[in-house]
Amino acid sequence: MIRLWLLLLTLPSFLSAQYYNERVMDQNFENRSFHWNSYYLNTTAIGNFAKVSQGLIDDPYLNLSLNPAWRKADSLSPEFILSFRGAREQEYGDGGYAVPMREYYDDRTAIYPVPQYIQVQTTEPEPIFIAGARLPLFKNSVQLTAAYQYTYHESPYYTMPYYIYYGYYGYNAFDERVNDMAQYPETQRSAGSDELFTEAQAGLVYLNARLTKRLTVGFGANFIAHTKDGNYGNLYRYNDPGTNEYSYFQQSEEERADEYNHIDLQAGAMLALSPEWSAGARLGQLTAEIGQTINRLDTSFNSSEYTNYEYDHHRSAIDLQNWQRDGFNRYGNFQLIRKLPNGARFVWDISGGWQEADLKTSGSIADSAWYYSRNNYDTTGWHEGESVSSLRDSRQGSGKQKRDYRASRLNLQWPVSEHSKISVGLHLRWEKTSSRSTEPVQNLRLYHSEYDDDEYLYDLREIKTIYWDKSEKYRLFSIPVLLEHRFGEVWTLCLGVNRIVEYWDIEEENTAAFELRRETYGTDVNERKNFSEVYTMPAQRISENRTDVMAGIKVNITPALRVELIADPEVGSDFFMNQWWLNFHYAIGK
């Protein structure tokens, strides 16, 4: 009895580590690498080289991604490409952003977030295939380029580290452990699903035409249609066949859906200023819609009956959360190209833009638990205890996210000999992202218990608005070097090294403006109105330094057919291929 009262008296002091009531839902939005970014076909870069390949590598698909008016040559034979890519063996980031669901249920410490959660994005699976084509139209006066990729992937289910609420078997809404339920083994009789499915399609089309000998114009469009959904479920049953009766049932289900769609339209022009100099410019707008939902159900029942002890415990929890982001990304870039007498070429590309998105969230949490027990351990008669706990949280939020970015790429493509070419770049990028969200919240937490003639009541009612303000500054500095050497007419070897340094400067603050907070301890009532509390996260300054290596082989099987194998090797205690790409190029008429 003394232990019970000690628990009840200290209960309001911790008020559940599993309920993060001063967070806003936007803190757990799942960012993805392709959000708000144009889709383009990259056939000759891998790993972190994908961040620096535009302008560094003289590839028609990459040139068009900088400017849809870019024509590599006035004469074009029909060309086709088919690309296959192996799964990445090692993910980027610190690996702590997404938490596998098995760890979530087996280890309660697994939910604690990593400090770098803001800038880390989950790695997307590679497409099953990519197909592209470049075709001449109207006697080569117009050139058409198109590409399509399809992705389908199955993966284990995982959760995110910043959910407002986590329910656990054996814990009520106040994070109180029902110790009676810990002494029996959990025998799994039936298990549900544990899967996530990703299906995505992406495509692009470019049209460009030469209006005069010096002026070329082009138009481009690309799209991404991405869905990711799945569910996680567990069903446990346990029965004690002995004289003493014991039964246990637990069912937990979670399902999620994630949809992203964007359409991106752009236009560009290129002008030959002289035989050595040319310049180009591009403008575009990307419009995107993002929707993410999570639905959870967690219910359990436990009952036992022994000679001098029996209890019953029931718990049920429902958690519904929804995120919506709609907005645009307007961007532009300018190219200046200089051809040198020795065949070398400088490509300088300056780009920038701004993104705005409206943020909308809604959530509803309901968790209730009932516990009853009776015992006669002290032989003075039966002692009875009963407790009820509940949690209710309802919220709807809105806000806005803004991002400004600038980038500069300076690349030199230099044929050092008849058989060798070296490409060197200096790439810089600056980004500033701010997110502000306002989330009105109403929550109710109740705990009531009786043990023989003793009674305890704790009641907390809050009406408040949570304001979230997040600022992130991002910097990228990269020096890529790529060497190509041709052995005869058939073989070409490619080797690349990319030194990349990234910086993040992150600040975050939550402010809770309370219209009402009423706490009831037994017969004592404490009520406050119209006040606020500020929760400031320590400023984070993070940097990552990496050196990536890329290796590739190009084989000209025939004048019309070329095969490329590109790999991302990992060198350490073991040597293995982190990822590989295989490309088939075919040109009609060669």
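Residues numbered from 1 in each chain as written. Predicted model: local features only at pLDDT ≥ 70, side-chain atom pairs only at ≥ 80, totals over all residues. Heavy atoms only, no water.

## What to know about the overall build of the chain
The helix and strand tally for the chain stands at three helices and 19 strands. Put simply, the chain has 590 residues, and 49% of those count as buried. Just so you have it, the chain exposes about 27600 Å², and 56% of that area is on carbon and sulfur atoms. (Helix = DSSP H or I, 4+ residues; strand = E, 2+ residues; numbered from the N terminus. Buried < 20%, exposed > 50% of the residue type's maximum accessible area, 1.4 Å probe, protein only. Areas by Shrake-Rupley, 256 points an atom, 1.4 Å probe, with all protein chains shown as cover.)

## Side note on the pattern of salt bridges
It is possible for side chains of opposite charge to pair when their charged atoms get near one another. For the structure shown, the criterion picks out 32 salt bridges. Arg-345 is the salt-bridge partner of Asp-58, the closest N and O atoms lying 3.2 Å from each other. Of the two residues, Asp-58 sits in the loop between α1 (2–14) and α2 (60–66) while Arg-345 sits in strand β11 (residues 345–375), which places them 287 residues apart along the sequence. Here Glu-527 ties to Lys-529 by a salt bridge, and the two come within 3.8 Å at their closest N and O atoms. Judged by relative accessible area, which is 54%, Lys-529 ranks as exposed. One salt-bridge network, held together by shared partners, links Glu-22, Glu-462, Lys-464, Arg-517 and Glu-533. (Salt bridge = Lys/Arg side-chain N within 4 Å of Asp/Glu carboxyl O.)

## Quick notes on the confidence of the model for the chain
Summing up the model confidence of the chain, the mean pLDDT is 83 and the portion of residues at 70 or higher is 83%. A low-confidence stretch, residues 1–17 stays under pLDDT 50, and its non-local contacts, those more than four residues away or across chains, total 26 contacts. Low pLDDT, under 50, characterises residues 90–120; the stretch is placed with 78 contacts to residues that sit more than four places away or in other chains. (pLDDT = per-residue confidence, 0-100. Contact = heavy atoms within 4.5 Å.)

## So, the side chain of Asp-319
Secondary-structure assignment places Asp-319 in strand β10 (residues 309–339). Its relative accessible area of 3% is what places Asp-319 among the buried residues. Within polar-contact distance, the side chain of Asp-319 engages the side chain of Arg-296 at 2.4 Å. A distance of 3.1 Å separates polar atoms of two side chains, one belonging to Asp-319 and the other to Gln-321. With sequence-adjacent residues up to four places away left out, Asp-319 is seen in contact with Tyr-165, Ile-294, Asn-295, Arg-296, Ser-364 and Ile-365. (Polar contact = N/O pair within 3.5 Å; in protein donor to acceptor, adjacent residues only side chain to side chain.)

## Notes on the nonpolar core
Ranked by internal contacts, the top residues of the largest apolar core, which has 36 residues, are Tyr-39, Leu-41 and Tyr-260. Only α2, β6 (190–210), β7 (215–240), β9 (277–305) and β11 provide two or more residues apiece to this core. Excluding residues within four positions of it along the chain, Tyr-260 makes contact with Phe-34, His-35, Trp-36, Asn-37, Ile-224, Ala-225, His-226, Leu-286, Ala-288, Glu-289 and Ile-290. Within the second largest apolar cluster, 11 residues are counted, among which are Val-52, Ile-57, Leu-62 and Met-550. (Core = buried A, V, L, I, M, F, W, Y, C linked by side-chain atoms within 4.5 Å.)

## Some points on the side chain of Ser-423
Relative to the assigned elements, Ser-423 resides in strand β13 (residues 420–451). Setting aside its immediate chain neighbours within four residues, Ser-423 contacts Leu-56, Leu-412, Gln-413, Pro-480, Val-481 and Leu-482.

## Digging into unusual backbone geometry
Not every positive phi belongs to a glycine, and Lys-139 is a case in point at roughly 55 degrees. Among the secondary structure elements, Lys-139 is positioned in the loop between β3 (129–137) and β4 (142–155). If you check the backbone angles, Asp-452 has positive phi at about 55 degrees while not being a glycine. Taking relative accessible area as the criterion, Asp-452 reaches 35% and is therefore assigned partly exposed.

## Quick word on the layout of surface pockets
Counted as a void, the second largest pocket has a volume near 1100 Å³. Looking at the second largest pocket, it is lined by 47 residues, and the ones nearest its centre are Asp-58, Lys-72, Lys-554, Arg-562 and Glu-564. Counting residues per element, the lining of the second largest pocket draws most heavily on strand β17 (residues 540–556), at six residues. Here the residues of the lining of the second largest pocket are counted per class, giving 20 nonpolar, 13 polar and 14 charged. (1 Å grid on protein atoms, 1.4 Å probe; cavity = no way out; pocket = protein on both sides within 12 Å on 5 of 7 lines; lining within 4 Å. Points joined across faces, edges and corners; volume = space filled by probe spheres on them. Nonpolar A, V, L, I, M, F, W, Y, C, P; charged D, E, K, R; others polar.)

## What to know about the pairing of β9
Every other side chain in a regular strand lies on the same face of the sheet, so the side chains alternate between the two faces. Two strands pair when backbone bridges link them, and β9 and β10 are joined in this way by 29 bridges, in the antiparallel orientation. Its bridge partner being in β10, Glu-289 is matched across the sheet by Asp-326. The turn linking β9 back onto β10 is made up of three residues. (Pairing = 2+ DSSP bridges.)

## Quick notes on the environment of Tyr-20
In this fold, Tyr-20 is placed in the loop between α1 and α2. A residue is classified by how much of its surface remains accessible, and Tyr-20, at 16% relative accessible area, is buried. Sequence separation of Tyr-20 and Tyr-165 is 145 residues, and the distance between their C-alpha atoms is 6.2 Å.

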